[in-house]
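Chain by chain, the residues:
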Amino acid sequence: QVEVVESGGGLVQPGDSLRLSCAASRRTSNNPTMAWFRQAPGKEREFVSALRWNGYTYYADSVKGRFTISRDGAKNTMHLQMNDLRPEDSAVYYCAVGNGIILSSIRTQSAYTYWGQGTQVGVSS
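Note that the coordinates shown come from a computational prediction; the quantities given were computed from them, not determined experimentally.

Criteria and cut-off values
- Residues numbered from 1 in each chain as written.
- Predicted model: local features only at pLDDT ≥ 70, side-chain atom pairs only at ≥ 80, totals over all residues.
- Heavy atoms only, no water.
- Buried < 20%, exposed > 50% of the residue type's maximum accessible area, 1.4 Å probe, protein only.
- Helix = DSSP H or I, 4+ residues; strand = E, 2+ residues; numbered from the N terminus.
- Pairing = 2+ DSSP bridges.
- Core = buried A, V, L, I, M, F, W, Y, C linked by side-chain atoms within 4.5 Å.
- Contact = heavy atoms within 4.5 Å.
- Axes fitted to C-alpha atoms, helices over the stretch in contact; angles between N-to-C directions.
- Salt bridge = Lys/Arg side-chain N within 4 Å of Asp/Glu carboxyl O.

Trainee: So what's going on with the pairing of strand E11 (residues 119–123)? Residues and values would help.
Mentor: Two faces, one strand: in a regular strand the side chains alternate between the faces of the sheet. Most of E11 is tucked away, with 4 of its 5 residues classed as buried. The pairing of strand E2 (residues 10–12) with E11 spans 3 bridges and is parallel. Along E11, the bridge assignment pairs Leu11 with Gly122. Bridge analysis of strand E9 (residues 91–99) against E11 gives 3 bridges, and the strand direction is antiparallel. Opposite Val92, over in E11, you have Gln120 as the bridge partner.

Laid out in structure tokens, this is it:
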């Protein structure tokens, strides 16, 4: 079993920045994909960003240019740098890890096997 733990959430003002981190207890395969999803109250969980084993990154249009996903290599740790936060970014952010995910499924929740418990991000003035 792989444990996935998120950290770094909090309450900030519009325009502020936050850095989320996700740590997997071990490497899941030779071709893992790590991703962030988020769920706001009353809304469905949605894709935010993903990082494939080959270094390619993917973003939802709503966060492109403001969020940056990165990893710490062999440490099995991923980060999401969130800049210029907006009230609509408020949500619980979940880290997900999957193996051998094809490109067309990068944004699909069911493609991911391991999930964290989530970390709360609030953006309000």
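Picking up where we left off.
Trainee: Give me the lowdown on the nonpolar core, citing residues and values where you can.
Mentor: Ranked by size, the top nonpolar core spans 37 residues in total, and within it Trp36, Phe67, Leu80, Met82, Tyr93 and Tyr112 carry the most contacts. Elements supplying a minimum of two residues to this core: strand E3 (18–24), strand E4 (32–39), strand E5 (46–52), strand E6 (57–59), strand E7 (67–71), strand E8 (77–82), E9 and E11. With 5 residues, E9 is the largest single contributor of residues to this core. Setting aside its immediate chain neighbours within four residues, Leu80 contacts Leu18, Arg19, Leu20, Trp36, Val48, Ser49, Phe67, Thr68, Ile69 and Tyr93.

Trainee: Run through the sheet that holds E3, naming residues and quoting values.
Mentor: Two pairing modes exist for strands in a sheet, parallel and antiparallel, and in both the strands are linked by backbone hydrogen bonds. Strand order in the open sheet formed by 4 strands is E1-E3-E8-E7, with antiparallel pairing between adjacent strands. With one partner strand each, in any of the chains shown, strand E1 (4–7) and E7 form the two edges of the open sheet. Geometrically, the sheet is characterised by an average inter-axis angle of 15° between neighbouring strands, direction not taken into account. Two strands pair when backbone bridges link them, and E7 and E8 are joined in this way by 5 bridges, in the antiparallel orientation. Opposite Phe67, over in E8, you have Met82 as the bridge partner.

Trainee: Please set out the pattern of salt bridges residue by residue, giving values where relevant.
Mentor: One pass over the full model with this rule turns up 4 salt bridges. Between Asp61 and Lys64 there is a salt bridge, with its nearest N and O atoms 3.2 Å apart. The class of Asp61 is exposed, set by a relative accessible area of 66%. In the salt-bridge network here, residues are joined through shared partners; they are Arg38, Glu46, Arg66 and Asp89.

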